[in-house]
Number of protein chains: 2
Amino acid sequence: LLSKKNFLQHGWVMGFLQKNNSLGEEGRLAGSLSERQKNLFSCVNSDRDARFCRTETDFSNMFARDLLPAKNGEESPLSRSLWTAGTRSSTACEQVIRGSSTNSLLGWTSLGWLGSGSPLQFTYEIAPVFVLMEQLTLKKMREIIGWPSGEGDGIFSPGGAISNMYSVMIARYKYFPEVKAKGMSAAPRLVLFTSEHSHYSIKKAGAALGFGSENVVLLSTDERGRVIPADLEAKILDVKQKGYHPLFVNATAGSTVYGAFDPINEIADICEKYNMWLHVDGAWGGGLLMSRKHRHKFSGVERANSVTWNPHKMMGVPLQCSAILVREKGILAGCNSMCAGYLFQPDKQYDVSYDTGDKAIQCGRHVDIFKFWLMWKAKGTIGFEQHIDKCLDLSQYLYDKIRNREGYEMVFDGVPQHTNVCFWYIPPSLRGMEHNSKEYREKLHKVAPNIKAMMMESGTTMVGYQPQGQKVNFFRMVISNPAALQSDIDFLIDEIERLGRDL
Amino acid sequence: LLSKKNFLQHGWVMGFLQKNNSLGEEGRLAGSLSERQKNLFSCVNSDRDARFCRTETDFSNMFARDLLPAKNGEESPLSRSLWTAGTRSSTACEQVIRGSSTNSLLGWTSLGWLGSGSPLQFTYEIAPVFVLMEQLTLKKMREIIGWPSGEGDGIFSPGGAISNMYSVMIARYKYFPEVKAKGMSAAPRLVLFTSEHSHYSIKKAGAALGFGSENVVLLSTDERGRVIPADLEAKILDVKQKGYHPLFVNATAGSTVYGAFDPINEIADICEKYNMWLHVDGAWGGGLLMSRKHRHKFSGVERANSVTWNPHKMMGVPLQCSAILVREKGILAGCNSMCAGYLFQPDKQYDVSYDTGDKAIQCGRHVDIFKFWLMWKAKGTIGFEQHIDKCLDLSQYLYDKIRNREGYEMVFDGVPQHTNVCFWYIPPSLRGMEHNSKEYREKLHKVAPNIKAMMMESGTTMVGYQPQGQKVNFFRMVISNPAALQSDIDFLIDEIERLGRDL
């Protein structure tokens, strides 16, 4: 990840991650930082004691290579901060300023704080560096989504399901803020809409948050698994006629099985017409926002009220790393804050607007931002783009290889929108059979599970399969690792045919 | 953590973690495993293809030293499994069986699975080792709680706030299962009860899950911060008289500020009388269950319906590691399952009851179990007990040092129940003043923030403070790291006096 070669290959190309990545010092000027960004790092508590108005290290101007020993053998300041924090010899203040990422915050820094390991990311004083990294990275992600100046709200959460749950909570708070204090009985019957192909977390959120899973209406899709806007509008009208309140639409950008992208612009038109919250679940598809070639599939995303985007999926960041991004500033805190006095004291010696914890449904949070920030610094936006494009190229290679190959049938026509390639392998014994017969369907249904079981047994490879609606079990190949090769694809197809030939 | 010295110091003393930890082989017999436990590791799919009925590695019989190279220089099987998984040369099947903990599951194992990094712990086939580790560890924790045979349910979650949220969801599902499908309108107005000193996550859960924060009734506490049972009963009767439904009581075992333990037995009597769910929030206090000397503070915990216990707090496991433990088996899945066909196919080649993901509100989960399992194996139950006892001894040392010292006033009388020591430091200039005067209170309110700010500035140490109810800002010292020394306590008191002398 951090090899010199990597640094030389990828430049920083956009915004605060756009710096020239040469190893000289000239690339480290903060010239492209806005005044607002700079203020993030200097003291904004101008009415407070000047002793505390120190200038913080400008992490927007750091490179991943700052984690490596310098050429002269000395450590860089960031490296020293991150890797030496938590020793007994370092002072508490240094440790706090460093926002230690180690597990060894021995002694005093633990006093007055219940955790004993790595930092809980809920107040600026416990994890100042990570709070700032998170703010900058969320802003960058919002800029990529296309919200003006990257303004808005957001937080990293433990996974896409929780991010999607946040979106439902915020939507409810936006339209029926009284539910926070009074409960669901203070609102009319609220209805959520999502694709029949969408991730089950929307339905799960509906059940958990007190809407009821029956009030999550599933939308019909076209043959490619994309929501049909007319079906959405018809179902909204139906709900309204029953006297219920249509609140929220989830548009999936990269569905789990087909990799389908719902038409965001058409859905946004309907949401605007009926004054509804539009959420885009880009947990799986979000990475495509980094690709100039593929981001058109997200066309209209800037009209969404909230977006889920999991860098831990397509972008290869280690688990967990999921963000919920929100267009309206301050609404997450409004929705979730309980103002716990013991954590969020207003008389602290710094700007407490950095204490981001109270807008989460968690108390302490795992520090998910650091690995993402580091990877972004190391690969650059261009590196992520290359990663995404490579994966989509590979899936196109697989698609091209099998779409007209004997013994294969695609689950849907056309080039997949994401890297999901869905297909049946038809063993020779089934090829002559009537496709609509019960016997054929029953036999085909067992092919993918059988081949997968043999693959696991022989230990060569493993693939996913599932049914979908009326469709019997089919293979679903998903490529998210750009280290895969065309020869791997060839091998996989050979294996399927070797193992499935005699079924 | 894994030094030989450690292994020799601590034996395994309870249940599956109770084995003799000598370095010879005789300690590795599986003799103490119940038949049921053994079945966990052999094939229980007796009606399935015999090819898949292999005997899995018995991880209940592994030691942390199995991660170290063996004496003859060869790797142990577990070590090899954990550290070599994910290389391109290892077969997919090996990788799957190993349940790789690395970030480098290259190539084929990624195909058909949307994540690209370390394993998502949601199906047995993706993370079999971790699923089994989690099952065994949760069972062990339930045994320690005192539920018969350790039976029940549970899951690791991203923190105590989410664990507490689970408890509220399960309680609602237990008494009003129709809410899952129909929403909160299918139930009467439901009321939750928790201490005014409890963690704010109960109130947050009430708001998020659609109860409304006003339907979270705060219970009065005695001078030590413990719930007054009579107040609970009076408030239940009040709620019933209004026609609402009292659903759930949270008893805190180790409150955030005072470290107080609510009287579980008396609260359990009331919950039984009114047919309510009893949850024990032992997020902070849970570690004391490991101590023969201190676990009496949890007296009655076996009567709880659910328990939150965060090994990442008092027990020193790196973040996150929080468990929600439930007495009734199967209720988590009943509450949360949505039966996503693409993940949880019933025609898989193994017992799908190991696919624990659908009982979570998350989809993929970070693997929090491994570090805890490893630490338990390394330290042993006795090691955790020593850790806990040492921290409580240190806090008693602090308490004894200051309770009669000039310039100090304790926030509450008596030895603290947990390691929280709460006190005011009264600078000399305030010592003669009338304690109830407005001037005195205003001045004292500023002392702790000022001293803390100076500590941060001079970089020597950092402590927590907060107000509580009518009480002005006081210091709260919490010791969770047994590496602290009595001399550190002495230094802290010296620092407070040095910095606070002239205030």
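Residues numbered from 1 in each chain as written. Chains lettered and ligands numbered in written order. Predicted model: local features only at pLDDT ≥ 70, side-chain atom pairs only at ≥ 80, totals over all residues. Heavy atoms only, no water.

The name an unreviewed UniProt entry assigns to chain A is Glutamate decarboxylase 1b, from the organism Oncorhynchus mykiss. Here is the UniProt Cofactor (unreviewed entry) comment for chain A, exactly as written: "pyridoxal 5'-phosphate". (UniProt positions renumbered as here; feature names shortened; annotations may be inferred.)

Looking at the UniProt feature "modified residue: N6-(pyridoxal phosphate)lysine" (unreviewed entry) in chain A
Residue and element names in this part refer to chain A. Within the UniProt annotation, "modified residue: N6-(pyridoxal phosphate)lysine" (unreviewed entry) is assigned to Lys313. Of note, Lys313 is situated in the loop between β6 (306–309) and β7 (322–326). In this structure Lys313 comes out as buried when scored by relative accessible area, which is 13%. (Helix = DSSP H or I, 4+ residues; strand = E, 2+ residues; numbered from the N terminus. Buried < 20%, exposed > 50% of the residue type's maximum accessible area, 1.4 Å probe, protein only.)

Digging into the packing of aromatic side chains
All names here are of chain A. Counted by the stated rule, this structure contains 26 aromatic pairs over all chains. Between Tyr408 and Phe423 the ring centres are 5.8 Å apart and the planes differ by 50 degrees, which places this aromatic pair in the tilted class. In this pair, Tyr408 sits in strand β8 (residues 408–410) while Phe423 sits in strand β9 (residues 421–425), placing the two residues 15 residues apart along the sequence. The class of Tyr408 is buried, set by a relative accessible area of 8%. Chaining the aromatic ring pairs together yields one cluster made of Phe156, Phe372, Trp376 and Phe384. The ring of Tyr244 carries Arg189 above its face, with NZ or CZ at 4.0 Å from the centroid. (Phe/Tyr/Trp six-rings, centres within 6.5 Å; stacked < 30°, edge-to-face > 60°. Lys NZ or Arg CZ within 6 Å of the ring centre and 35° of its normal.)

Quick notes on the state of the cysteines
Enumeration over the complete set of coordinates arrives at zero disulfides over all chains. Left without a disulfide partner, Cys321 of chain B is nearest to the cysteine sulfur of Cys363 of chain A, which lies 16 Å away. (Disulfide = S-S within 2.5 Å.)

Let's talk about the packing of helix α12 (residues 369–402) of chain A against helix α14 (residues 486–500) of chain A
All names here are of chain A. Relative to each other, α12 and α14 sit at 40 degrees, their axes nearing to 10 Å. Here α12 lies oblique to α14, going by the angle between them. Crossing of α12 over α14 shows right-handed handedness. Note on element contacts: α14 touches α12 through Gln486, Ile489, Asp490 and Ile493, opposite Leu394, Tyr397, Leu398, Lys401 and Ile402. (Axes fitted to C-alpha atoms, helices over the stretch in contact; angles between N-to-C directions. Parallel < 35°, antiparallel > 145°, perpendicular 65-115°, else oblique. Left-handed = near helix turned anticlockwise from the far one by under 90°. Contact = heavy atoms within 4.5 Å.)

A closer look at the sheet that holds strand β9 (residues 421–425) of chain B
Hydrogen bonds between backbone groups are what pair the strands of a sheet, and the pairing can be parallel or antiparallel. Residue and element names in this part refer to chain B. The strand order across the open sheet formed by four strands is β8-β9-β11-β10, and the pairing between neighbours is antiparallel. Two strands lie at the open edges of the sheet, namely β8 (408–410) and β10 (464–468), each paired on one side alone. In this sheet, neighbouring strand axes are inclined to one another by 45 degrees on average, regardless of whether the strands run parallel or antiparallel. With three bridges joining them, β8 and β9 adopt antiparallel strand pairing. When the bridges of β9 are listed, Glu409 appears paired with Trp424. Sitting on the sheet, helix α12 (residues 369–402) touches β8, β9 and β11 (471–477), and the angle it makes with β9 is about 30 degrees. This element, helix α13 (residues 438–458), spans β8, β9, β10 and β11 of the sheet and lies at about 30 degrees to β11. (Pairing = 2+ DSSP bridges.)

As for the pairing of strand β1 (residues 153–157) of chain B
In the case of a regular strand, side chains alternate between the two sheet surfaces. All names here are of chain B. The element β1 is extensively covered by neighbouring structure, given that five of its five residues are classed as buried. The pairing of β1 with strand β7 (residues 322–326) spans five bridges and is antiparallel. Note on β7: the bridge partner recorded for Phe156 is Ala323.

Side note on the environment of Ser167 of chain B
Residue and element names in this part refer to chain B. Mapped onto the secondary structure, Ser167 falls in helix α6 (residues 160–175). Through-space distance from the C-alpha of Ser167 to that of Leu332 is 9.4 Å; in sequence the pair is 165 residues apart. Excluding residues within four positions of it along the chain, Ser167 makes contact with Phe248, Trp277, His279, Ser306 and Ile324.

Examining helix α10 (residues 264–273) of chain A
In an α-helix there are 3.6 residues to a turn, and that puts residues three or four apart on one side. Residue and element names in this part refer to chain A. When we look at burial in α10, the residues that qualify are Ile264, Ile267, Ala268, Ile270 and Cys271. Along the long axis of α10, the arc covered by the buried residues comes to 160 degrees, so they all point the same way. The exposed set on the far side of α10, more than 90 degrees from its buried face, consists of Glu272 and Lys273. As for α10, its buried residues are in contact with α9 (229–241), β4 (245–252) and β5 (277–282). (Arc of directions from axis to C-beta.)

Some points on the packing of helix α5 (residues 128–145) of chain A against α12 of chain A
Residue and element names in this part refer to chain A. The geometry of α5 relative to α12 is characterised by a closest axis approach of 10 Å and an angle of 60 degrees between their N-to-C directions. Classified by the angle between their axes, α5 and α12 sit oblique to one another. Here the hand of the crossing between α5 and α12 comes out left-handed. Here Phe130, Met133, Glu134, Thr137, Lys140, Met141 and Ile144 of α5 lie close against α12, whose contacting residues are Ile369, Phe370, Phe372, Trp373 and Trp376. For the contact of α5 with α12, the per-class residue count stands at nine nonpolar, one polar and two charged. (Nonpolar A, V, L, I, M, F, W, Y, C, P; charged D, E, K, R; others polar.)

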